[in-house]
Amino acid sequence: MKVEVMKNILGANDKIAEENRRFFAEKKICVMNLMGSPGSGKTTLLEKTLSKISEKIKVAVIEGDLFTAKDAERIERHNVPVVQINTSGGCHLDAPMIQKALSSLDTDNLNLIIVENVGNLVCPAEFDVGENFKAVVLSITEGDDKPLKYPLIFKESEIVVLNKVDLIPFTNFNLDAAKEDLTTIHPGVKISEISCTKETGLDDFCDFILKKVNEVM
């Protein structure tokens, strides 16, 4: 049965995710699972964030992508450790992938690991990797209907980044409607309005991350 197979897959993944979570807790490492659609601006957001926080805390990045190491190469320019995971067509990262990637990092010398998940609004939300919190990026150009179309990823995320807000005047994106839908799906969710190209709103996102790191340290 398809349902039973999926239950077994998630069950096996959750077991490894708990192992990861215990490991991170022992090492006092905070882990953020960064999710969002292809083109939402996850990697650019990550680059801008690293430029602001990498001098304050010790950060590493695990990059997930179907193919190529283009995103990891961008992150390497910021002088932080980075591990590339290619899923070869898989639509998400899972806990065993993260566990394997940890062997390539100096986990005794880290405060934060940022996992940039595969670009997708469905599968990544279903697979716990042992993170402390999930974050999702929604680009203005994707439309304000996405929270109701893909509610799980927004329900699971502690913070929603509305990216490319500088483009709102050139679209039919209804900011108030999007916020209302997000808070209906996830009451109390943190919403951060950002323009990476204009470099506005980034401090709000970085402050949120640093607060989460301090809770773990």
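Placed above this text is the structure.
Overview of the structure. It should be emphasised that the depicted structure is a prediction, and the values quoted were computed from it without experimental measurement. (Residues numbered from 1 in each chain as written. Predicted model: local features only at pLDDT ≥ 70, side-chain atom pairs only at ≥ 80, totals over all residues. Heavy atoms only, no water.)

### Quick notes on the pairing of strand 2 (residues 59–65)
In step 1: Buried residues dominate strand 2, accounting for seven of its seven residues.
In step 2: Judged from the five bridges that link them, strand 2 and strand 4 (residues 112–116) form a sheet pairing that is parallel. Looking at strand 4, one finds that Ile62 is bridged to Val115.
In step 3: Note: strand 2 against strand 3 (residues 82–86), five bridges, orientation parallel. Counted as the bridge partner of Glu63 is Gln84 from strand 3. (Buried < 20%, exposed > 50% of the residue type's maximum accessible area, 1.4 Å probe, protein only. Helix = DSSP H or I, 4+ residues; strand = E, 2+ residues; numbered from the N terminus. Pairing = 2+ DSSP bridges.)

### Some details on helix 8 (residues 202–216)
In step 1: Along its 15 residues, helix 8 runs 22 Å from first to last C-alpha, staying within 8% of the 21 Å computed at 1.5 Å per residue.
In step 2: Taken together, the buried positions of helix 8 are Leu202, Phe205, Cys206, Phe208, Ile209, Leu210, Lys212 and Val213. (Expected span 1.5 Å × (residues − 1).)

### Quick word on the environment of Gly119
In step 1: Tracing the backbone shows Gly119 in the loop between strand 4 and strand 5 (133–139).
In step 2: Under the relative-accessibility criterion, Gly119 is labelled partly exposed at 25%.
In step 3: Taking the C-alpha atoms as reference, Gly119 lies 24 Å from Lys52; in sequence the two are 67 residues apart.
In step 4: Not counting chain neighbours up to four residues away, the residues in contact with Gly119 comprise Gly36, Ser37, Pro38 and Lys42. (Contact = heavy atoms within 4.5 Å.)

### A few points about unusual backbone geometry
In step 1: Non-glycine residue Lys28 carries a positive phi angle of around 55 degrees.
In step 2: Relative to the elements of secondary structure, Lys28 occurs in the loop between helix 1 (2–27) and strand 1 (30–36).
In step 3: The phi torsion at Asn79 lies on the positive side, around 60 degrees, for a residue other than glycine.
In step 4: Structurally, the position occupied by Asn79 is in the loop between helix 3 (70–76) and strand 3.

### Topic: helix 2 (residues 42–53)
In step 1: Given a rise of 1.5 Å per residue, twelve residues ought to cover 16 Å, and the 16 Å separating the end C-alpha atoms of helix 2 matches this to within 8%.
In step 2: What helix 2 keeps buried is the set Lys42, Thr43, Leu45, Leu46, Glu47, Thr49, Leu50 and Ile53.

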